[in-house]
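Architecture and fold: a report
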Amino acid sequence: MHIQEWLETVPAISVYVLVGVVIGLESLGIPLPGEIVLISAALLAAGHDGINPWILGACATAGAVIGDSIGYAIGRKGGRPLLAWLGGRFPRHFGESQIALAERSFQKWGMWAVFFGRFVALLRIFAGPLAGVLRMPYWKFLTANVLGGIAWAGGTTAVIYSVGVVAEAWLKRFSYLGLAIALLIGLGSMLILKNRAKKAAAQSAAETASEPASVPVAD
């Protein structure tokens, strides 16, 4: 069953909890579809008065900030052995090329990698644990974490909810045509993003093979 169709069968409080928990676990470092769940819930809120978009955005933001903070603490305590363990359990998400790409982003951009990492699926999973492993000062991490969580979770909820309200009114007039266009746009976007992700991973792997190992950032 599609995520949004399943969400329609559960109470509003369950939707809030589900969104917060899934995003929190994803931010903690577990590969989960947090963005898909948030977008689906925001679209659901646009079509159903029982779900408050403000509460939804607040729960998503709380999950993002708390999850990232726990991930930071785990990464700081576990260090690089933790990344090696994660690589063995989730090779598609925590492989050497993915870790190298995320690490270079942190070393180049610092706390901004945490902030903007919210908007990139790969860095959203890595941000908390990797910031802890690289021992980024906590005050910098916390600042970027809170601001990034508000901008990503709150902003995504607001934008998708607004688009959903407009789209629902439009689809009532052009249901089948609108559905077809939406499906084509969604499929096209997914294929483009997957293609870009593959190219980025291949480029990262090539750069990693030609560069010496990175040195951890100290306090």
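We now turn to the structure provided with this report. If you're wondering where the values come from, they're calculated on a predicted model, not measured in any experiment.

What follows covers the overall build of the protein. Scanning the protein for helices and strands turns up 10 helices and 0 strands. Listing the helices and strands of the protein from first to last along the sequence gives α-α-α-α-α-α-α-α-α-α. Relative to its full complement of 219 residues, the protein shows a buried share of 38%. Sequence-distant contacts, at least 24 apart, represent 79% of the contacts inside the protein between residues at least 6 apart.

Our next topic: helix α3 (residues 34-47). In a regular helix each residue adds 1.5 Å, so 14 residues correspond to 20 Å; α3 covers 20 Å between its end C-alpha atoms and thus fits that length. By the burial criterion, the buried members of α3 are Gly34, Val37, Leu38, Ser40, Ala41, Ala42, Leu44, Ala45 and Ala46.

Bringing the packing of aromatic side chains into the picture now. To describe a pair of aromatic rings, one takes the distance between the centres and the angle between the planes. For the structure shown, the criterion picks out 7 aromatic pairs. An angle of 85 degrees between the planes, with centres 4.9 Å apart, marks the rings of Phe115 and Phe116 as edge-to-face. For Phe116, a relative accessible area of 48% puts it in the partly exposed group. Measuring from centroid to centroid gives 6.2 Å for Tyr138 and Phe141, while their planes differ by 35 degrees, and the two rings are tilted. Of this pair, Tyr138 and Phe141 both sit in helix α9 (residues 138-173), 3 residues apart, roughly one helical turn. Chaining the aromatic ring pairs together yields one cluster made of Trp112, Phe115, Phe116 and Phe119.

Moving on, we come to the nonpolar core. Considering soluble globular proteins, one finds that nonpolar side chains tend to be buried as a cluster. In this structure, Val15, Val19, Ile23, Leu38, Ile51, Leu56 and Ala60 are the most contacted members of the largest nonpolar core, which totals 18 residues. Of all the secondary structure elements, the ones that give two or more residues to this core are α2 (12-28), α3, α4 (53-89) and α9. Broken down by element, the residue count for this core peaks at 6 residues, all from α3. Apart from residues lying up to four places away in sequence, Ile51 is in contact with Ala12, Val15, Tyr16, Leu44 and Ala45. Judged by nonpolar contacts, the second largest core, of 15 residues, contains Ile99, Ala113, Leu130 and Leu134.

What follows is about the side chain of Ser27. As for its position among the elements, Ser27 is in helix α2. Of the residues examined, Ser27 reaches a relative accessible area of 0% and is grouped as buried. Engagement of the side chain of Ser27 in a polar contact is seen with the backbone oxygen of Ile23, the distance being 2.8 Å. Apart from the residues within four sequence positions on either side, Ser27 is in contact with Gly63, Ala64, Gly67, Asp68, Arg118, Arg124, Ile125, Gly128 and Pro129.

If you trace the backbone, Thr157 turns up in helix α9. With a relative accessible area of 3%, Thr157 lands in the buried category. Excluding anything up to four places from it in sequence, Thr157 contacts Leu38, Ala42, Pro53, Leu56 and Gly57.

What follows deals with the environment of Gly110. With respect to the helices, strands and loops of the structure, Gly110 is situated in the loop between α6 (96-109) and α7 (111-117). For the pair formed by Gly110 and Lys140, sequence separation is 30 residues and the distance between their alpha carbons is 8.7 Å. Beyond its immediate sequence surroundings of up to four residues, Gly110 is in contact with Ser105 and Met136.

With that out of the way, let us pick up a nonpolar patch on the surface. The grouping of Ile13, Val17, Val21, Leu25 and Ile30 at the surface amounts to a nonpolar patch, some 390 Å² of accessible area in total. Of note, Leu25 is situated in helix α2.

The end-to-end C-alpha distance of α2 is 24 Å, a good match for the 24 Å that 17 residues give at a rise of 1.5 Å each. Listed as buried for α2 are Val15, Tyr16, Val19, Gly20, Val22, Ile23, Gly24, Glu26 and Ser27. Looking one or two residues beyond α2, the residue adopting positive phi is Gly29, at roughly 125 degrees.

With that settled, the discussion passes to the packing of α2 against α3. Running from N to C, α2 and α3 cross one another at 160 degrees; their axes reach a closest spacing of 9 Å. In this view, α2 runs roughly antiparallel relative to α3, as classed from their interaxial angle. The interaxial crossing formed by α2 with α3 has left-handed handedness. Between α2 and α3, the residues in contact are Val15, Leu18, Val19, Val22, Ile23 and Glu26 and Gly34, Glu35, Val37, Leu38, Ala41 and Leu44, respectively. Among the residues forming the contact of α2 with α3, the class breakdown is 9 nonpolar, 1 polar and 2 charged.

About the thresholds
- Residues numbered from 1 in each chain as written.
- Predicted model: local features only at pLDDT ≥ 70, side-chain atom pairs only at ≥ 80, totals over all residues.
- Heavy atoms only, no water.
- Helix = DSSP H or I, 4+ residues; strand = E, 2+ residues; numbered from the N terminus.
- Buried < 20%, exposed > 50% of the residue type's maximum accessible area, 1.4 Å probe, protein only.
- Contact = heavy atoms within 4.5 Å.
- Expected span 1.5 Å × (residues − 1).
- Phe/Tyr/Trp six-rings, centres within 6.5 Å; stacked < 30°, edge-to-face > 60°.
- Core = buried A, V, L, I, M, F, W, Y, C linked by side-chain atoms within 4.5 Å.
- Polar contact = N/O pair within 3.5 Å; in protein donor to acceptor, adjacent residues only side chain to side chain.
- Patch = residues over 30% accessible without salt bridge, like charges linked within 9 Å, V, L, I, M, F, W, Y side chains within 5 Å.
- Areas by Shrake-Rupley, 256 points an atom, 1.4 Å probe, with all protein chains shown as cover.
- Salt bridge = Lys/Arg side-chain N within 4 Å of Asp/Glu carboxyl O.
- Axes fitted to C-alpha atoms, helices over the stretch in contact; angles between N-to-C directions.
- Parallel < 35°, antiparallel > 145°, perpendicular 65-115°, else oblique.
- Left-handed = near helix turned anticlockwise from the far one by under 90°.
- Nonpolar A, V, L, I, M, F, W, Y, C, P; charged D, E, K, R; others polar.

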